[in-house]
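Breakdown of the fold
The primary structure of each chain is shown beneath.
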Amino acid sequence: MADINLSFLTLCILPILLLLFLKLIIRPHPVTIPIKSRHVFITGGSSGIGLALARQAAAEGARVTILARNPSKLEEAKASIRLSTGIDVTTVSADVCDFDAVKTAVESVDPIDVLVCNQGVFVAYELEKQEIKEVREMIDVNLVGSFNLVKAVLPGMKSRSDRKPVSIAFMSSQAGQVGIYGYTAYSASKFGLRGLAEALQQEVIADDIHVSLIFPPDTDTPGFAEENKKKPRLTSIIAGSSGAMQADEVAKKALNGIKSGSFIVPCNFEGFLLAIATAGLSPQRSYLMAFVEVVSAGILRIAGLCFQWTWYGSIEKWHAQKKYMEVGCILQNTQESCIMD
Ligand SMILES: NC(=O)C1=CN([C@@H]2O[C@H](COP(=O)(O)OP(=O)(O)OC[C@H]3O[C@@H](n4cnc5c(N)ncnc54)[C@H](OP(=O)(O)O)[C@@H]3O)[C@@H](O)[C@H]2O)C=CC1
Ligand SMILES: CCCCCCCCCCCCCCCC(=O)[C@@H](N)CO
């Protein structure tokens, strides 16, 4: 009898107590961010994920501005959004690396209710082979560019006349949750966004500004097609653990994440697991998600270690094959013709 009571206690009462406790303590409080009739400003909005986001936000009744460097790509994007939704978006051309240009661009449009820092560059390569210029470009565009945007947008956002909640979102990547072969600079830039986002959320919560961090897997976009032209094989193998998505699907997850005020926004099932496995000390607004994080922490650490085991397995296999090929080549004296990428 005592045994039955004890198992009843552990199985039913403890989880309920845990849920109640988490509901009481989770911060920040849950929030929803309306986007209808509000000004959504999307950087990198002329291509890929940013373009899909702009189209969906416009279709949901938001007033949308897209920012990128190339004016003709911006015009093309505007025309394609008009064609599919009948709505006109505003375009502004600026390089996010240039703070003055970003400030001028932001001041040329209405106050911003939702800022999506989505611009990004990515060139997958082993650090040893990658030019430092390329490393710097990824850090500058992806990370410093996002600082420039936030700095330029915050004053207007804080002094907005309607006191409704507003949002600042960053497009990270699953490579911003776990380091991946070939992505030293890219992962560093995306991990950097997490530090920015976590600290910024504490600084702006009093102004009802809510931060979201979006973590897509490989996504079919013009940028991704370009990346694939010279991506190390191992990068594709390891990143392949998470499958691939369409830009429209990622944009839908991103927009829903922003509207529901989620701090961490995963985009697929692997991303959901990754979010739990890398929860760390991130803010969590949902007590149900907090509950899932607490009860599955141990098992997901094991899953994470299993992934690392398979990834290091692929790396070992790759080096073994490379050695095998080299020896074969030396024997045949045809070294030129069989160098692996
Ligand atoms: N595609 C993928 O597999 C994944 C992408 N992501 C992230 O999603 C975001 C969008 O990626 P995706 O849609 O594939 O990219 P694309 O290459 O298709 O589009 C990139 C956009 O960013 C703009 N941009 C690039 N550099 C700058 C700059 N210096 N200043 C202003 N705008 C700039 C580009 O316009 P222009 O060149 O005219 O300036 C373009 O509009 C990126 O942050 C990326 O890291 C995350 C995970 C996976
Ligand atoms: C514990 C559970 C773990 C769950 C699975 C983990 C899978 C991780 C895969 C990481 C994929 C990284 C893709 C980067 C895409 C990207 O950003 C580039 N295409 C550049 O744009």
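Keep in mind that what you see is a predicted model, and the values were worked out from it rather than measured.

As a further point, take helix α4 (residues 99–107). Buried within α4 we find V102, A105 and V106. Here the buried residues of α4 occupy an arc of 95 degrees about the axis, which is enough to place them on one side. Those residues of α4 that are exposed and angled more than 90 degrees off the buried face are D100, T104 and E107. Of the surrounding elements, those touching the buried residues of α4 are β1 (39–43), β2 (63–68), β3 (90–93) and α5 (132–158). One side-chain oxygen at the N-terminal end of α4 lies 3.2 Å from the backbone nitrogen of D100; it belongs to D98.

Let's shift gears to the site of ligand 1. By nearness alone, 32 residues border ligand 1, and S46, S47, R69, Y186 and T221 come closest of all. Within the contact set of ligand 1, an oxygen atom lies 2.9 Å away from a backbone nitrogen or oxygen of N118. Measuring from an oxygen atom of ligand 1, one finds a side-chain N or O atom of T221 at 2.5 Å. With the chains in place, 94% of the 890 Å² that ligand 1 exposes on its own is no longer accessible. Counting only elements with at least two residues in the shell around ligand 1, the list comes to α2 (48–59), β2, α6 (184–204), β7 (218–220) and α7 (222–228). Per-element tally for the shell around ligand 1: the top contributor is α7, with three residues. Classifying every residue of the shell around ligand 1 gives 14 nonpolar, 13 polar and five charged.

Applying the stated criterion across every chain yields a total of four aromatic pairs. Note on Y183 and Y186: the rings are 5.1 Å apart at their centroids and 50 degrees apart in plane angle, and the pair reads as tilted. Assessed through its relative accessible area of 9%, Y186 is described here as buried. The interplanar angle of 25 degrees and the centroid separation of 6.5 Å between the aromatic rings of F269 and F272 together place this pair among those described as stacked.

The rules behind each value
Residues numbered from 1 in each chain as written. Chains lettered and ligands numbered in written order. Predicted model: local features only at pLDDT ≥ 70, side-chain atom pairs only at ≥ 80, totals over all residues. Heavy atoms only, no water. Buried < 20%, exposed > 50% of the residue type's maximum accessible area, 1.4 Å probe, protein only. Helix = DSSP H or I, 4+ residues; strand = E, 2+ residues; numbered from the N terminus. Arc of directions from axis to C-beta. Contact = heavy atoms within 4.5 Å. Polar contact = N/O pair within 3.5 Å; in protein donor to acceptor, adjacent residues only side chain to side chain. Near = heavy atom within 4 Å. Areas by Shrake-Rupley, 256 points an atom, 1.4 Å probe, with all protein chains shown as cover. Nonpolar A, V, L, I, M, F, W, Y, C, P; charged D, E, K, R; others polar. Phe/Tyr/Trp six-rings, centres within 6.5 Å; stacked < 30°, edge-to-face > 60°.

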